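This is what each chain is made of:
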Amino acid sequence: MTAQLNPRGHVAVLVPAAGAGVRLGPGAPKALRPLAGEPLLVHAVRRIAAAASVHTIVVAAPAAEVDAVRDLLTPVAPVTVVPGGAERQASVAAALAAVPAGPEIILVHDAARALTPPELVESVAAAVRSGHDAVIPVLPVVDTIKEVGPGEVVLGTVDRSALRAVQTPQGFRRAVLTAAHEAAGDPLTDDAGLVEKQGVPVVCVPGSEHALKVTRPFDLALAEHLLAGGA
Ligand code: CTP
Ligand code: MG
């Protein structure tokens, strides 16, 4: 049976999933690589669909895999699948263009953050609903950070207390995200960066360790471990 999304939900979630996964090593596009026997994208979409506010999910798939991704996700949740672009920003723009009239809150969420809990989706959506135009989930930076120059020589130590590591889903009032993408210049790796350029305040909420981005083989092993532990 096809899962139903909440018809009273008011949030659309865009899922850029068109990347190659170069840093993960040779193989299929990253979103389609298995984590405990299921593609990363399936894990991600299942958790998004479990968030009560979600009304619409739009996935940007690798262009050659659009039909395969649609078939893969049909048993998981009702989704719209569009071809992604050469850069993440183009994939997000393609997904944004496919959102139907209705949802006024839009979340942008990496397929690679496959174990993101539905509670984080809800807390970001709630922060936008409460009146913020742009919301990002963040974690404190735990390592000491150095600025280095030529020859790997240390130039100085950065004040860590003012730094945050940024995750997804990032949440936006629809008009704010649309305007930021229309005005976008050089591709950025996150949507909040585009919104910042528009002078819109971006507010942080607590992120989740489980929203780690699977980037390198070590991250995949860690995600397998978390999943075995019930994530
Ligand atoms: N993404 C996308 N379209 C692109 C590039 C990336 O939709 N042209 C998506 C990825 O599928 C991923 C998210 O953006 O879900 C975050 O990107 P990243 O972790 O960098 O994934 P990849 O680009 O696939 O990995 P790599 O940079 O190692 O190739
Ligand atoms: Mg990438």
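Everything quoted here is computed from the prediction, not taken from an experiment. (Residues numbered from 1 in each chain as written. Chains lettered and ligands numbered in written order. Predicted model: local features only at pLDDT ≥ 70, side-chain atom pairs only at ≥ 80, totals over all residues. Heavy atoms only, no water.)

Of all residues adjacent to ligand 1, which total 18 residues, the nearest are Ala18, Val22, Arg23, Ser91 and Lys213. One nitrogen or oxygen atom from the main chain of Gly21 is found 2.9 Å from an oxygen atom belonging to ligand 1. Residue Val22 places a main-chain N or O atom 2.7 Å away from an oxygen atom belonging to ligand 1. (Near = heavy atom within 4 Å. Polar contact = N/O pair within 3.5 Å; in protein donor to acceptor, adjacent residues only side chain to side chain.)

So, about the UniProt feature "site: Transition state stabilizer" (unreviewed entry) in the protein. As annotated in UniProt, the feature "site: Transition state stabilizer" (unreviewed entry) corresponds to Arg23 and Lys30 in the numbering used here. What makes Arg23 exposed here is its relative accessible area of 57%. Beyond its immediate chain neighbours, meaning those up to four positions away, Arg23 contacts Lys213, Thr215, Arg216 and Pro217. Its place among the elements puts Lys30 in the loop between β1 (11–16) and β2 (34–35). Residue Lys30 is classed as buried on the basis of its relative accessible area, which comes to 13%. If we skip the residues at most four places from it in the chain, Lys30 touches Gly19, Ala20, Gly21, Leu24, Leu40, Ala112, Val214 and Thr215. (UniProt positions renumbered as here; feature names shortened; annotations may be inferred. Buried < 20%, exposed > 50% of the residue type's maximum accessible area, 1.4 Å probe, protein only. Contact = heavy atoms within 4.5 Å. Helix = DSSP H or I, 4+ residues; strand = E, 2+ residues; numbered from the N terminus.)

Structurally, the α-helix is built with 3.6 residues per turn, so residues lying three or four positions apart point the same way. Buried within helix α3 (residues 88–97) we find Gln89, Ser91, Val92, Ala95 and Leu96. Buried positions in α3, seen along its axis, are confined to an arc of 160° and lie on one side of it. (Arc of directions from axis to C-beta.)

On to the pattern of salt bridges. A side chain with one charge can pair with a side chain of the opposite charge if their charged atoms come near. Tallied over the entire structure, the rule returns six salt bridges. Salt-bridge contacts for Asp67 lead to Arg70; the nearest nitrogen and oxygen are separated by 3.0 Å. A residue pair is termed a helical-turn pair when its members lie 3 or 4 positions apart in one helix, as Asp67 and Arg70 do in helix α2 (residues 66–73) at three residues. Judged by its relative accessible area of 34%, Arg70 falls in the partly exposed class. Between Arg88 and Asp191 there is a salt bridge whose closest N-O contact spans 2.9 Å. Of the two residues, Arg88 is situated in helix α3 and Asp191 in helix α6 (residues 191–197); the sequence distance between them amounts to 103 residues. (Salt bridge = Lys/Arg side-chain N within 4 Å of Asp/Glu carboxyl O.)

Moving on: the UniProt feature "site: Positions MEP for the nucleophilic attack" (unreviewed entry) in the protein. UniProt records the feature "site: Positions MEP for the nucleophilic attack" (unreviewed entry) at Arg160 and Lys213, using the numbering of this structure. The residue Arg160 is located in the loop between β9 (154–157) and β10 (164–166) in this model. Beyond its immediate chain neighbours, meaning those up to four positions away, Arg160 contacts Val141, Val142, Asp143 and Thr144. From its side chain, Arg160 meets the backbone oxygen of Val142 in a polar contact 2.9 Å long.

Take the environment of Asp67 next. Residue class for Asp67 comes out exposed when judged on its relative accessible area of 54%. A distance of 3.0 Å separates a polar atom in the side chain of Asp67 from a polar atom in the side chain of Arg70.

Once that is clear, we can look at the packing of helix α1 (residues 40–49) against α2. For the pair α1 and α2, interaxial distance at closest approach is 10 Å and the crossing angle is 50°. By the criterion of interaxial angle, the relationship of α1 to α2 is oblique. The handedness of the crossing between α1 and α2 comes out as right-handed. Along its contact with α1, which presents Leu41, Val42 and Val45, the element α2 presents Val69, Leu72 and Leu73. Split into classes, the residues belonging to the contact of α1 with α2 amount to six nonpolar, no polar and no charged. (Axes fitted to C-alpha atoms, helices over the stretch in contact; angles between N-to-C directions. Parallel < 35°, antiparallel > 145°, perpendicular 65-115°, else oblique. Left-handed = near helix turned anticlockwise from the far one by under 90°. Nonpolar A, V, L, I, M, F, W, Y, C, P; charged D, E, K, R; others polar.)

What follows covers the nonpolar core. Most often, soluble globular proteins have nonpolar side chains that are buried together. One finds Leu41, Val45, Ile57 and Val59 to be the most contacted residues of the largest nonpolar core, which totals 35 residues. Secondary-structure elements contributing two or more residues to this core are β1, α1, β4 (54–61), α2, β6 (105–108) and α4 (118–129). Residue contributions to this core peak at six residues, all from α4. Grouped together as the second largest cluster of nonpolar side chains are 22 residues, Ala60, Val82, Val99 and Ile136 included. (Core = buried A, V, L, I, M, F, W, Y, C linked by side-chain atoms within 4.5 Å.)

Now for the pairing of strand β7 (residues 134–140). Taking burial as the measure, the seven residues of β7 include six buried ones, the bulk of the element. In the sheet, β7 pairs with strand β11 (residues 170–173) via two bridges, with the strands oriented antiparallel. Looking at the pairing, Ala134 lines up with Phe172 of β11. In terms of strand pairing, β7 meets β10 through three bridges, oriented antiparallel. Counterpart to Val138 in the pairing with β10 is Val166. (Pairing = 2+ DSSP bridges.)

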